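# Descriptive structure summary
Spelled out, the chains give:
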Amino acid sequence: MTKYNLGCGSKILPGYANVDCRDLPGVDMVMDLSRLPWTPSLTPGEEIVAHDFLEHFPRTLTDGILGEMWISLVTDGKLELQVPDLDLIADVLVAGEEGFICSTCERHVIPYEGRCGFCQQTVTQIQEKALEMVYGGVDYPENQHKTGFTFATLSGRLLRAGFERIERIDSEKHAKNYGMVVRCRKGVMNWS
Ligand SMILES: [Zn+2]
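This text gives an overview of the structure that appears in the document. Values in this document were obtained by computation on a predicted structure and should not be read as measured data. (Residues numbered from 1 in each chain as written. Predicted model: local features only at pLDDT ≥ 70, side-chain atom pairs only at ≥ 80, totals over all residues.)

Our next topic: the packing of helix α1 (residues 59-71) against helix α4 (residues 151-161). With their axes 9 Å apart at the nearest point, α1 and α4 run at an angle of 50° to one another. As summarised for this structure, α1 and α4 are arranged oblique, according to the angle between their axes. Regarding α1 and α4, the two cross each other, and that crossing is right-handed. In this structure, α1 uses T62, D63, L66, G67 and W70 to contact α4, whose residues at the interface are R157, L158, R160 and A161. For the contact of α1 with α4, the class distribution of residues is 4 nonpolar, 2 polar and 3 charged. (Axes fitted to C-alpha atoms, helices over the stretch in contact; angles between N-to-C directions. Helix = DSSP H or I, 4+ residues; strand = E, 2+ residues; numbered from the N terminus. Parallel < 35°, antiparallel > 145°, perpendicular 65-115°, else oblique. Left-handed = near helix turned anticlockwise from the far one by under 90°. Contact = placed C-beta atoms within 7 Å. Nonpolar A, V, L, I, M, F, W, Y, C, P; charged D, E, K, R; others polar.)

Right, dumping it as structure tokens:
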């Protein structure tokens, strides 16, 4: 049974079919996953990992891509997504009294005199990191973010696409990068 690592870039996962639009070392299949339907179609696998992937496509393609993921999994197959979390990012940009997570020391901070009280990073520097997560690194053409998600909006789209048992896996690493990891399973019905 196959496992897929979609949009792998240079983050090759052993034991997975690593798929990317760029022909980088370790990439097993070069495919433009923005072209729907996916051609050639992927043999349904037991797992899809797509880290830092969905936000690179226009929001008009999100449902279509989730639909292709649904098709590319066996029933009850596992999907794991990692995307920037606009809720966390909004906290940084608003910089309100509730505070936010510092991109350097990873703590929840209420800044004092324009700085993180733990690591002295300035609020502006922390906001720059948050903006990178909104718009992408832009160090190569495909590394631009064209849409974004909150857990609520992503869950809604996953449910519509026929995924269930949607859960958020949090860790400090993801908070630092203002991202979220969401796991779910392919259900029997696709509602879209
Ligand atoms: Zn800090």
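Strands sit in the order β3-β2-β1-β4-β5-β9-β8 across an open sheet of 7 strands; the sheet is mixed. A single partner strand is all that each edge strand has here, and the edge strands are β3 (29-30) and β8 (163-169). Across 5 bridges, β8 lies against strand β9 (residues 179-186) in antiparallel orientation. When the sheet's bridge partners are listed, E167 is paired in β9 with R183. Against the sheet, α1 contacts β4 (45-51), β5 (73-84), β8 and β9, and its axis sits at roughly 145° relative to β5. (Pairing = 2+ DSSP bridges.)

So, on to unusual backbone geometry. That bond from L36 to P37 is cis: its omega, -10°, falls within 30 degrees of zero. Mapped onto the secondary structure, P37 falls in the loop between β3 and β4. A cis amide bond, omega -5°, links T39 with the succeeding residue P40. Tracing the chain through its elements places P40 in the loop between β3 and β4. The backbone phi angle of D52 is positive, close to 55°, even though this residue is not glycine.

Let us look at the environment of G77. Tracing the backbone shows G77 in strand β5. Judged by the 22 C-beta atoms lying within 10 Å of it, G77 is buried. Sequence separation between G77 and K3 is 74 residues, and the spatial gap between their C-alpha atoms is 9.6 Å. When neighbours within four sequence positions are excluded, G77 is seen to be in contact with G45, E46, E47, R185 and K186. (Buried ≥ 20, exposed ≤ 12 C-beta atoms within 10 Å, placed from the backbone.)

Another point: the packing of helix α2 (residues 86-94) against helix α3 (residues 123-135). Between α2 and α3, whose axes approach to 9 Å, the crossing angle comes to 145°. For the crossing formed where α2 meets α3, the hand is left-handed. Residues I89, V92 and L93 of α2 touch α3, and the partners they reach there are I126, Q127, A130, M133 and V134.

What follows deals with the environment of R157. With respect to the helices and strands, the residue R157 is situated in helix α4. Classification of R157 by C-beta neighbours within 10 Å gives partly exposed; the count is 17. Sequence separation between R157 and L86 is 71 residues, and the spatial gap between their C-alpha atoms is 15 Å. In contact with R157, other than residues within four places in its own chain, are T62, D63 and L66.

Quick look at the nonpolar core now. L6, I48, A50, M69, L79 and I89 are the most contacted members of the largest nonpolar core, which totals 41 residues. For A50, the contacting residues outside a window of four places in its chain are L6, G7 and L81. (Core = buried A, V, L, I, M, F, W, Y, C linked by C-beta atoms within 7 Å.)

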